[in-house]
Amino acid sequence: MRILLVEDDKDLSRQLKAALSDAGYAVDHAADGEEAQFLGETEPYDAVILDIGLPKVDGVTVLERWRRGNVATPVLILTARGTWSEKVAGFDAGADDYLTKPFHTEELLARLRALLRRSAGHSTPSLSVGCLRLDPRAARVNVKGEPLRLTSLEYRLLHYLMMHQGRVISRTELVEHLYDQDFDRDSNTVEVFIGRLRKKIGPDRIDTVRGLGYRLTAPADELKDTEGGA
Ligand code: CA
């Protein structure tokens, strides 16, 4: 999952970027409205955290422009305390959620998880595919109850595949959602990570659909006994 963080306060940006990375997200940062608008229009983020008070172009205007340009990415706005009108303007511009400063990082992470979950059409906090389970709250994965050790990139890759389980996802899409903009992106590395992930989660879970991409599904023998598992 790849996030755009738009915040002009240096200390807060540093702190949030670190917390988001630790939670397993690829993070791009923009410090003003102009850069934010450009990145939001050109990069396929899974969610945006958008401060309202920004240099150059304010957050509400950025959001209005995105929505007018059909950018449908879920957006959580950060508003200053005591400015209820910012919230109203933000929601009217197309925000999906908000937080008032100052806030606890844990609350931001929880709201972000809920936002990502809702936008991908999932209602439960943890994701399951057959006996494979991923809990974004703890960034933990297990297969048949056995915990797996994944690197942060393997985790990010699996999280994205599980969010979009059953759908064929191209290598390009994976690259765009796994790495931040500063990363040297090479779609061949995706194949390497898929190979490593298959070794860890079992070979029958990630199908290669020739010329199209990858699809995560449950092995046939796990389908019937795990349906509806939380
Ligand atoms: Ca600000």
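See the structure printed just above.
Keep in mind that what you see is a predicted model, and the values were worked out from it rather than measured.

(A) Representation of the packing of helix 2 (residues 33-42) against helix 3 (residues 59-68) within the structure. Two numbers describe how helix 2 lies on helix 3: the axes approach to 10 Å, and their chain directions differ by 20 degrees. With respect to helix 3, the axis of helix 2 lies roughly parallel. Between helix 2 and helix 3 lies a crossing of right-handed hand. Of helix 3, the residues touching helix 2 (which contributes Gly33, Ala36, Gln37, Gly40 and Glu41) are Val62, Arg65 and Trp66. A per-class count over the contact of helix 2 with helix 3 returns 3 nonpolar, 3 polar and 2 charged.

(B) Examining the pattern of salt bridges more closely. Under the defined criterion, the tally for this structure stands at 16 salt bridges. Its salt-bridge partner being arginine 2, residue aspartate 28 comes within 2.7 Å of it at the nearest N-O pair. Placement of the pair is aspartate 28 in strand 2 (residues 26-30) and arginine 2 in strand 1 (residues 2-6), with a sequence separation of 26 residues. An identical accessibility class is assigned to aspartate 28 and arginine 2; each is buried. When the shortest N-O distance is used, the salt bridge between glutamate 7 and lysine 101 registers 3.0 Å. Here glutamate 7, found in the loop between strand 1 and helix 1 (10-22), pairs with lysine 101, found in the loop between strand 5 (97-100) and helix 5 (105-119); they are 94 residues apart in sequence, far enough to count as distant. For glutamate 7, a relative accessible area of 0% corresponds to the buried category. Owing to a relative accessible area of 22%, lysine 101 belongs among the partly exposed residues under this scheme. One connected set of salt bridges, linked through shared partners, spans Arg2, Asp28 and Glu43.

Definitions and cut-offs
- Residues numbered from 1 in each chain as written.
- Predicted model: local features only at pLDDT ≥ 70, side-chain atom pairs only at ≥ 80, totals over all residues.
- Heavy atoms only, no water.
- Axes fitted to C-alpha atoms, helices over the stretch in contact; angles between N-to-C directions.
- Helix = DSSP H or I, 4+ residues; strand = E, 2+ residues; numbered from the N terminus.
- Parallel < 35°, antiparallel > 145°, perpendicular 65-115°, else oblique.
- Left-handed = near helix turned anticlockwise from the far one by under 90°.
- Contact = heavy atoms within 4.5 Å.
- Nonpolar A, V, L, I, M, F, W, Y, C, P; charged D, E, K, R; others polar.
- Salt bridge = Lys/Arg side-chain N within 4 Å of Asp/Glu carboxyl O.
- Buried < 20%, exposed > 50% of the residue type's maximum accessible area, 1.4 Å probe, protein only.

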